[in-house]
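Survey of secondary and tertiary structure
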Amino acid sequence: MDSAAKDKMQPTIPPGPEWPEQERAEQLARGAALKWASGIFYRPEQLARLGQYRSREVQRTCSLEARIKSVVQSYLEGVKTGVRQLAWALEAMQGAREALSQAHGLLRGMAEAAQTLEPVREQVVQHKQLWALSQLLPRLRAVPAAVAHTQTLIDAQRLLEAYVSLRELEQLQEETWAPLGGLELPVFEGLGPLAEALGQAVEAAAGAAGRLAREDPALLVAAVRVAEVDAGRTTSLEQAPRDWRQRCLRALQEGLERIHFGTLPQPGPGALAEWLEALRVALPAELATAEALVAPCCPPHYKVVQLWAHTLHSSLRRCLQQLLERPELGAADTFTLLQWALHVYLGPEMMGSLELGPEADVSHLEPLLTLENVEQLEATFVAKVQASVTQWLQKVLDGEAAEWGREQEPDTDPSGFYHSPMPAIVLQILEENIRVASMVSESLQQRVHDMALSELSAFLRSFSDALIRFSRDHLRGEAMVPHYVPYLLATLNHQSALSSSLSVLQPDWVAPGALAPVEAALDELQRRICRLVLEALLLELQPLFAALPSRQWLSSPELLEGVCERTARFCQDFRHVRNPAVQLLLAEAERTVVLQYLRALMQGRLVCRGADERTQAAERLRQDAAQLRELFLGLGLEESVQCAPVLLALRELLNLRDPTLLGLEVAGLRQQFPDVSEEHVSALLDLRGDVSREQRLAALSSLQVGPQPSPPTGRRALFSLVPTPAPPPSSCLPSGSCA
């Protein structure tokens, strides 16, 4: 093909408007060329090479034109091919459109023909249903009788046969359901209530599993088998699953709950304890029955023993929670519930029995009582016990106080000491409550122990108050007591008995110092009793000391002998007091007598008229000190704790011949008795009757020399308890002189 023919086959491109981009591109090209040319030919020596540049640019231009022509030629050939293919596709689309139009006409005609056949189709369906009914008609006629027979089997508790009959009826229902297109026949309306009746019979048998396992295990086995077989049933009917297996398990649990926890114990004394005791016997027996009799009647996956144990545990826990919602339990019921739930239930007598298998273990389940429940019950128990202990201790105190007014002396034990069962009763009440609490838990034991110590302290305070009222009424004459002092001494023995037996309230687990408040209360009670006894002694001695010192006292020992006789008679009942209280009492009595003696000396009733009287007074002090020492030694008081030696120290002060040396004696007296004051020394100097003003001042100044000495070890204060008479008012007039 020559070039002319090729040119004829090339598509003709119609002329069109010039591209704006082309014009802009030409301008840019021209500008670039001018810029290049001006750069190349800027220097004159380069103009000689203009011809070379021209020929090279001509060659480059020809090469570019050839390349452009080739590209345009290739593009035009592709466009030609595409136009040809589009023409072919147009022809194919037109053919397909005509074919689709013909098919649409045919389908419209077939739909019209199908509408005319719809009555025929309905007739065919009805014919098939009638044919199926005609085939099943003999069996359908027997359905009512089969339903009645199945109900009779259920009533007779022949559960397996009843279930077989029910399944046959349900299979017949399924066979009729598909051919009839899901149409439900009225003859099968009784199958639903019949199945429910059988399910209830299965539940009833499962609910009485324990009794049936002993009396009629076949019925229990039948009920379980029916539930298990029905669990694998499949049906084409649109029915909800019956789930008899779950109903059976639920009935087993509800039956257990109904038997053992159907009714809670009624409020009343001993009712809760009887109920818990019945459970203690019944629950292990129930688990043993489940393991020996019920478990063989059920499939292994039922885990009957575990189911029994968990059901009994959860039901019991729920019942206990209901009990706690009632009004507060009494102390006995609270203790019974705590001790039973925390110890008996999991102990070897019940759920921890070795005769039960591992499946009956409930120790890993939630405890019967939560920590809050235990806290609540312990607080209730402590409050109730505290009220009861307070009441009992008050009765004991009232009974003891009632005996103080008797005409008989206090009772004595075989050793001759005053005795009363009161301390033993008080400690037994407290110790018994602590012992009972220890049977429950350490926390309750600690609480009751703290309560016991608190109540004992309160009892000691009440006992002390009762003694004060007893003493006040006696001293006022409102209640004359024939044996006032003996009963005070008896209470001192009670205090000693409580102190010596207090160790029973301090077991090993009690922190040191826990009994400190009680011990302090006991010490205070002892001081109170001693004070009341000594007050009674003072009432007898004060009239005798009113005549001391005197001229009669200087010349005769009768005054102090009377004091000693009265004191010995008063202290003769001290032999009924146990050690160490009797030593304390004797020491306090001796100290009281000495203090009264010192008070009498300090009153200024006697002034010695001369050296002879001072010698007599000093000798009387020596004899009186010896007489008092012998008196209390005879009563059993050790000499080392006696206070009578103070009289010997005063004797030295009176016996001194040279008044100028009084300062030394006063300093020595101060060393022995640091609590002696200027008033005491001045009163003693007045007793001498020969001390001038300057000598008095010199003697008194010795009290201020040096630091205050410390009291000797074991010696209690004396002079600080001895009052001195107020100095007489001065009778000197301002214009006169005082001699």
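All figures in this text were calculated on a predicted structure; none of them were measured in a lab. (Residues numbered from 1 in each chain as written. Predicted model: local features only at pLDDT ≥ 70, side-chain atom pairs only at ≥ 80, totals over all residues. Heavy atoms only, no water.)

**So, the overall build of the protein**
Helix and strand counts for the protein stand at 25 helices and 0 strands. Residue burial in the protein is summarised as follows: out of 739 residues, 39% are buried. Residue pairs at least 24 apart in sequence account for 76% of intrachain contacts in the protein once pairs closer than 6 positions are excluded. Summed over all atoms, the accessible surface of the protein reaches about 42200 Å², with 56% contributed by carbon and sulfur. (Helix = DSSP H or I, 4+ residues; strand = E, 2+ residues; numbered from the N terminus. Buried < 20%, exposed > 50% of the residue type's maximum accessible area, 1.4 Å probe, protein only. Contact = heavy atoms within 4.5 Å. Areas by Shrake-Rupley, 256 points an atom, 1.4 Å probe, with all protein chains shown as cover.)

**Details of the nonpolar core**
Of all hydrophobic cores here, the largest spans 196 residues; its most connected members are Trp275, Trp308, Leu316, Trp553 and Phe574. Residues within four places of tryptophan 308 in sequence aside, it is in contact with Ala209, Leu252, Leu256, Glu286, Leu287, Ala290 and Val294. (Core = buried A, V, L, I, M, F, W, Y, C linked by side-chain atoms within 4.5 Å.)

**Considering the packing of helix H6 (residues 191-207) against helix H9 (residues 244-261)**
At a minimum axis separation of 7 Å, H6 and H9 run at an interaxial angle of 40 degrees. Classified by the angle between their axes, H6 and H9 sit oblique to one another. Note that H6 runs across H9; the crossing there is right-handed. For the pair formed by H6 and H9, the contact residues are Ala195, Glu196, Leu198, Gly199, Gln200, Glu203, Ala206 and Gly207 on the first element and Trp244, Arg247, Cys248, Ala251, Leu252, Gly255 and Arg258 on the second. (Axes fitted to C-alpha atoms, helices over the stretch in contact; angles between N-to-C directions. Parallel < 35°, antiparallel > 145°, perpendicular 65-115°, else oblique. Left-handed = near helix turned anticlockwise from the far one by under 90°.)

**Overview of H9**
The terminal C-alpha atoms of H9, which comprises 18 residues, lie 25 Å apart, in line with the 26 Å expected from a rise of 1.5 Å per residue. Taken together, the buried positions of H9 are Trp244, Arg247, Cys248, Leu249, Ala251, Leu252, Gly255, Leu256, His260 and Phe261. (Expected span 1.5 Å × (residues − 1).)

**Here we look at unusual backbone geometry**
Residue proline 549 follows leucine 548 across a cis peptide bond; omega there is -5 degrees. The residue proline 549 is located in the loop between helix H17 (516-545) and helix H18 (551-555) in this model. Between asparagine 579 and proline 580 the backbone carries a cis peptide bond, its omega angle lying at 0 degrees. With respect to the element layout, proline 580 can be found in the loop between helix H19 (558-571) and helix H20 (581-601). Positive phi outside glycine occurs at glutamine 157, with the angle close to 60 degrees. The topology assignment puts glutamine 157 in the loop between helix H4 (143-155) and helix H5 (159-177). Look at lysine 303: it is not a glycine, yet its phi comes out positive at around 45 degrees. Tracing the backbone through its elements, the reader meets lysine 303 in the loop between helix H10 (271-294) and helix H11 (304-324). Residue lysine 303 is classed as partly exposed on the basis of its relative accessible area, which comes to 46%.

**A word on the packing of aromatic side chains**
Across all of its chains, the model carries 10 aromatic pairs by this definition. Seen in terms of ring centroids, tryptophan 340 and tyrosine 345 are 5.7 Å apart; in terms of plane orientation they differ by 40 degrees. Their pairing is tilted. The exposure class assigned to tryptophan 340 is buried, which follows from its relative accessible area of 4%. The exposure class assigned to tyrosine 345 is buried, which follows from its relative accessible area of 1%. (Phe/Tyr/Trp six-rings, centres within 6.5 Å; stacked < 30°, edge-to-face > 60°.)

**Focus: the pattern of salt bridges**
One pass over the structure, following the stated rule, counts 27 salt bridges. Two residues, arginine 578 and aspartate 413, come together in a salt bridge whose shortest N-O distance is 2.4 Å. Within this pair, whereas arginine 578 is found in the loop between H19 and H20, its partner aspartate 413 is found in the loop between helix H13 (371-403) and helix H14 (422-438), the two being separated by 165 residues in sequence. With its nearest N and O atoms 2.6 Å apart, the salt bridge here joins aspartate 686 to arginine 696. Taken together, the positions of aspartate 686 in helix H24 (residues 678-688) and arginine 696 in helix H25 (residues 693-701) put the pair 10 residues apart, joining distant regions of the chain. Salt bridges sharing partners connect three or more residues here, namely Glu196, Glu203 and Arg247. (Salt bridge = Lys/Arg side-chain N within 4 Å of Asp/Glu carboxyl O.)

**Brief notes about a nonpolar patch on the surface**
On the surface, Leu64, Ile68 and Val72 cluster together to form a nonpolar patch covering roughly 270 Å² of accessible area. As for its placement among the helices and strands, leucine 64 is situated in helix H3 (residues 50-141). (Patch = residues over 30% accessible without salt bridge, like charges linked within 9 Å, V, L, I, M, F, W, Y side chains within 5 Å.)

**Some words on the side chain of threonine 311**
With respect to the helices and strands, the residue threonine 311 is situated in helix H11. Within polar-contact distance, the side chain of threonine 311 engages the side chain of glutamine 253 at 3.4 Å. Threonine 311 has contacts with Gln253, Leu256 and Glu257, leaving out every residue within four places of it along the chain. (Polar contact = N/O pair within 3.5 Å; in protein donor to acceptor, adjacent residues only side chain to side chain.)

**Some points on the packing of H9 against H11**
Interaxial distance between H9 and H11 falls to 10 Å at its minimum, and their mutual angle equals 50 degrees. Relative to H11, the element H9 lies oblique. The way H9 lies across H11 gives a crossing that is right-handed. Packed against H9, whose contacting residues are Leu249, Leu252, Gln253, Leu256, Glu257, His260 and Phe261, the element H11 presents Leu307, Trp308, Thr311, Leu312, Ser315, Leu316, Arg318 and Cys319 at the interface. Tallied by class, the residues present in the contact of H9 with H11 amount to 9 nonpolar, 4 polar and 2 charged. (Nonpolar A, V, L, I, M, F, W, Y, C, P; charged D, E, K, R; others polar.)

**Things to note about the confidence of the model for the protein**
Here the protein averages 83 in pLDDT, while 88% of its residues score no lower than 70. Taken together, the stretch residues 1-17 has pLDDT below 50 and engages in 6 contacts with residues farther than four places along the chain or on a different chain. Contacts of residues 729-739 to residues separated by more than four positions or lying in other chains number 2 contacts, the stretch itself having pLDDT below 50. (pLDDT = per-residue confidence, 0-100.)

**Comments concerning the environment of leucine 664**
Mapped onto the fold, leucine 664 is located in helix H23 (residues 662-672). A relative accessible area of 63% places leucine 664 in the exposed class. Along the backbone, leucine 664 and alanine 698 are 34 residues apart, and their C-alpha atoms lie at a distance of 10.0 Å.

**Concerning the side chain of histidine 313**
Along the polypeptide, histidine 313 turns up in helix H11. If we ignore the near neighbours within four places in the chain, the residues touching histidine 313 are Tyr345, Val362, Leu365, Glu366 and Leu368.

**Section: H14**
Across its 17 residues, H14 extends 24 Å between first and last C-alpha, which sits within 8% of the 24 Å expected from 1.5 Å per residue. Every buried residue belonging to H14 is among Met422, Pro423, Val426, Leu427, Ile429, Leu430, Asn433, Ile434, Val436 and Ala437, and all of these are buried. Where the residues of H14 are buried, they touch helix H12 (331-344), H13, helix H15 (442-476) and helix H16 (484-500).

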